[in-house]
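Here's the letter readout for the chains.
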Amino acid sequence: MKKLYNPKTIEKKWQKVWMKQGVSKKALNKGKLYILDMFPYPSGDGLHVGHVENFTATDIYARFKRFLGYDVLRPMGWDAFGLPAENFAIKTGIHPKLKTLESIKNFKRQMKSVGLLYDWDREINTSSPEYYKWTQWMFLFLYTNGLAYKKKAKVNWCEACHTVLANEQVIDGKCDRSGDIVIQKDLEQWFFKITDFVEPTKREDGTKISGLLSGLEKIDWPESTKAAQRHWIGRSEGAEVVFYITDTEEEVRVFTTRLDTIYGCTYIVIAPEHPLVRTLESRMKNAQAVKKYIAVTKKKTDLERTELNKEKTGICLQGVEVVHPFTGERLPVYVADYVLGTYGTGAVMGVPAHDERDFIFAKKYQLEILEVIQGKEANHKEKPYTEDGTLIASKEFTGLHSEEAREKMLVWLQKEKLGRKVVNYRLRDWLISRQRYWGAPIPIIYCDDCGVVPVPEKDLPVKLPADVDFRPTGESPLVRSKSFHNVKCPKCGKKARRESDTMDTFVCSSWYYMRFADPHNIKTFASKKALATYLPVDFYIGGSEHTVLHLLYARFFTKALMKYGYLEFDEPFQKLRHQGMILAQDGQKMSKSKGNVVNPDQMVAEFGADSLRLYEMFMGPFEDMKAWNTGSIIGVRRFLEKVWRLGQRADNKQQKTKNVSLESLLHRTIKKVTEDLEELKFNTAISSLMILMNEMEKSDHISRITYQTSLVLLSPLAPHIAEELWSQLGEKKSIFFAQWPKWDTKKIAEESSIIVVQINGKVRATFQMATGSSEAEVKKVALADANVQAYTEGKAIRKIIYIKDKILSLVIGD
RNA sequence: GGGCGAGUGGUGGAAUGGUAGACACGUUGGACUCAAAAUCCAAUGCUGGCAACAGCGUGAGAGUUCAAGUCUCUCCUCGCCCACCA
């Protein structure tokens, strides 16, 4: 009796077996391999098909690598703190913890239903006290070593929600929940000193630690991701130049990368936040107007500051002048908000002839435009010339090229003590305070007598109180929990207050990959032994939305921990790849509001988990963006039906195949699948298996060995059906204990090859020849071909190129 | 404005410089069936032709080569990320 392929029953059956049997343990001789997915935020919406793409790819890779004998670590956990659960709680009154646990349960069910094989013994949840105890320990570790500090900073503030927002919550300058404009507020905030690790550093014992920049050179990451990190760090070399303020002891220091243009400097601009604005107030003739301008600027939102990109505003400080260090001329000083207080020195020199922004500003305020660099275009009156060139009107530097001029001018400045070489970075320290409930509490206590007191390690974790009203009022929800907020000072025992902010969730995800090595350790975040066994992560896969922040923060944690002797590696992720985004059928991003979201549960119910897995891998190159098309899933389902039917036909007794060409194809397929899986080329691996199965179907006889080999090749991709058919052949052990097949190069070689004859680059004939035929033999056959003769008749053959077993190229002329 | 990437049939896509369009979806025709589904077979880049075959064809144009989707240059279009960073 023929059995029908029924994914529902066989998939459930094997998932249960795998859960019981755990990850396969067999002769492991190739060493460890840590394969990691970026752990998901357990959203109430359930698993997204993009998650399935990501996790299926690592599942296939991990299963494949286990076949090859690696000791694979493949854990899964939950990035469980975060805003959606808290916002849901504000709306519904349901506690974030309950909602999160419910979401996790659902995610886990869905993951199991697509046959993802994780080491669930290592499951972690960042919102559990067992985990965030160590997140808090990380904070204390950084604090103790001077890498965490508190200072006043500008934060995003939404008036409608009465709360501080994370950067990710500010969309186009507006609150993502209320849609209200986000303004800037000054608050005391905690920072991590990520900027300390931009350049290489050393441990006390002399061990070198690569910097956030230099470390990128030795890891296998997509070039675009490395570029984005470099850009985010934004290293730029330049000069700091001193401009003295006339009739005072004060000076303005400006930062420039274009020292060569300094003879074209006709004014100076300082940021509204610049301290000199206050210092010089008494000298200003228009102090009231300046004050007013700054007040207006302060109210400006990020949105306004960026939208008014081209429009530049500012005000001249009347009565204040600076001295040009090279010419001695007196120049006016402006305050303008196009200069950022947070970058460089918060002051710039205005060179309108050679800078876009300065040009616009100078035009508006009718400032002098002096050309000092000669470019290709003669007239710069309409447009600034911003590239390098030859200096003009620059006294003794005239005639030099920009590059040389920068060096010589710097030497002069240093000699005159009017400037120095400086390197500036765009990267700023990481603000980790969040005025939110659903996060890890910052383990700090404030005492009137002792000041800032870190919570002693023995008192960790500082637990999140359960009875908190999380409705936004403008202060951290934790302030309102009396039991949490009021505490005794660990130093003097007097009344003290707990820090009421929680940590950015990115802190939790900056070290989770280490916890997986030793998830139940209660003495340390992970034992040195466990870390030495599994870390660093060998292969990391996740979305490209984490290109900058998460990956940069994780690298920072690794470097900081290494510096103080907790780790022996300075880069956490050796190899990184991003899955391409899956768009909806309409080519747009999937979103609830558009109603175009594909639900994996429905796909599993309709086509089966193996079909869903195969389809997602067959859609296109793993790293490319691709649009979903439910209509196409039927293709991979048909393929699996075919594999199933072949199983009913496979010869159970006959070990050897009689079909030489099928055997040759089998070996080519082994090679192709093995190589493609290694490179994540799942789409072509699947198509080569389709070709093999198509051929097997045409064949009169399918030997047991041929069929079994093809099942093993299929098993990482479509594990349930492979396991089922394997057992139907009478095998007692799981297919995952089988040997991964090796290809035989001799068998790959075919008996005959197709020779293509090109005449002047065009194909004129094709014929079969015995593989390995000589040029003379091929030429003889080619010239005997009627179609070839039609083209060569009466013409001289000038050149012959023969590519063995492939092409005979004839060049003919009159 | 900067960085990264991509343009190939009706669709998703394949192609170490060597027959462009593998594999799959879709479409058309046929077999099986009372019928349908499923399955199988055949065709399917465009143009002409009964056919053999010929011409054209990988965003546009040039170049290198016996041979270019692939390498080089110029340009166009689209996507993603970043963006007043001096």
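On a predicted model such as this, the values are computed, not experimentally measured, just so you know.

The rules behind each value
- Residues numbered from 1 in each chain as written.
- Chains lettered and ligands numbered in written order.
- Predicted model: local features only at pLDDT ≥ 70, side-chain atom pairs only at ≥ 80, totals over all residues.
- Heavy atoms only, no water.
- Helix = DSSP H or I, 4+ residues; strand = E, 2+ residues; numbered from the N terminus.
- Near = heavy atom within 4 Å.
- Polar contact = N/O pair within 3.5 Å; in protein donor to acceptor, adjacent residues only side chain to side chain.
- 1 Å grid on protein atoms, 1.4 Å probe; cavity = no way out; pocket = protein on both sides within 12 Å on 5 of 7 lines; lining within 4 Å.
- Points joined across faces, edges and corners; volume = space filled by probe spheres on them.
- Nonpolar A, V, L, I, M, F, W, Y, C, P; charged D, E, K, R; others polar.
- Disulfide = S-S within 2.5 Å.
- Buried < 20%, exposed > 50% of the residue type's maximum accessible area, 1.4 Å probe, protein only.
- Lys, Arg positive; Asp, Glu negative; His and termini not counted.
- Salt bridge = Lys/Arg side-chain N within 4 Å of Asp/Glu carboxyl O.
- Contact = heavy atoms within 4.5 Å.
- Pairing = 2+ DSSP bridges.

**Student:** I'd like to hear about unusual backbone geometry, residue by residue, with values.
**Tutor:** Note the cis peptide between Leu 460 and Pro 461, where omega equals 0 degrees. Positionally, Pro 461 belongs in the loop between β24 (451-454) and α12 (482-485). Residues Leu 535 and Pro 536 are joined by a peptide bond in cis, for which omega reads -5 degrees. Inspection of the secondary structure assignment puts Pro 536 in the loop between α15 (528-534) and β28 (537-541). Look at Ala 393: it is not a glycine, yet its phi comes out positive at around 50 degrees. Within the element layout of this structure, Ala 393 appears in the loop between β19 (390-391) and α11 (402-415). Positioned with a positive phi, Asp 805 is a non-glycine residue whose angle comes to about 60 degrees. Summarising the element assignment, Asp 805 is placed in the loop between β34 (796-803) and β35 (807-813).

**Student:** Could you give an account of the protein's contact with RNA strand B, naming the residues involved and the relevant values?
**Tutor:** Residues in close proximity to RNA strand B total 52 residues, the closest being Thr 257, Lys 312, Arg 357, Met 619 and Arg 638. Each atom of RNA strand B within 4 Å of the protein belongs either to a base or to sugar and phosphate, the latter forming 61%. In the environment of RNA strand B, a base nitrogen lies 3.0 Å from a nitrogen or oxygen atom belonging to the backbone of Leu 340. In the environment of RNA strand B, a phosphate oxygen lies 3.0 Å from a nitrogen or oxygen atom belonging to the side chain of Asn 683. With seven residues, helix α21 (residues 682-698) is the single largest residue contributor to the surface near RNA strand B.

**Student:** Outline the environment of Thr 792, listing residues and values.
**Tutor:** Along the chain, the position of Thr 792 falls in helix α26 (residues 786-792). A C-alpha to C-alpha distance of 81 Å links Thr 792 and Val 164, two positions 628 residues apart in sequence.

**Student:** Would you mind going over the layout of surface pockets in detail, with residue names and values included?
**Tutor:** By volume, the second largest pocket is sized at about 350 Å³. Together, 16 residues line the second largest pocket, and Lys 12, Gln 15, Lys 112, Ser 113 and Val 604 are the ones closest to its centre. Examining the composition of the lining of the second largest pocket, we find that seven residues originate from one element, helix α1 (residues 7-21), more than from any other. Classifying every residue of the lining of the second largest pocket by side-chain character gives seven nonpolar, two polar and seven charged.

**Student:** How would you summarise the state of the cysteines if you had to cite specific residues and measurements?
**Tutor:** What makes a disulfide is a covalent bond joining the sulfur atoms belonging to two cysteines. Evaluated as defined, the whole model comprises zero disulfides. Cysteine Cys 492 shares no disulfide, and the gap to the nearest cysteine sulfur, in Cys 447, comes to 3.6 Å. According to the relative accessible area criterion, Cys 492 is partly exposed, its value standing at 36%.

**Student:** Outline the side chain of Asp 79, supporting the account with residue identities and numerical values.
**Tutor:** On the secondary structure map, Asp 79 appears in the loop between β3 (77-78) and α3 (83-92). Notably, Asp 79 is buried but unbridged: the nearest opposite-charge side chain belongs to Arg 434, and the N-O separation is 12 Å. Contacts of Asp 79, omitting those with residues within four sequence positions, involve Phe 39, Pro 40, Tyr 41, Pro 42, Thr 126, Thr 505 and Ser 509.

**Student:** So what's going on with the environment of Glu 475? Residues and values would help.
**Tutor:** In this fold, Glu 475 is placed in the loop between β24 and α12. Classification of Glu 475 as partly exposed rests on a relative accessible area of 41%. Taking the C-alpha atoms as reference points, Glu 475 and His 546, 71 residues apart in sequence, are found 29 Å from one another.

**Student:** Tell me about the pairing of strand β15 (residues 314-323), residues and numbers included.
**Tutor:** By the bridge criterion, two bridges tie strand β12 (residues 236-245) to β15 in an arrangement that is antiparallel. From the neighbouring strand, Ile 245 faces β15, where its bridge partner is Val 322. As paired elements, β15 and strand β16 (residues 330-336) share six bridges and run antiparallel to each other. Considered in β16, the bridge of Ile 315 is made with Val 335. The antiparallel hairpin formed by β15 and β16 contains six residues in its connecting segment, where Gly 328 sits at a positive phi of about 80 degrees.

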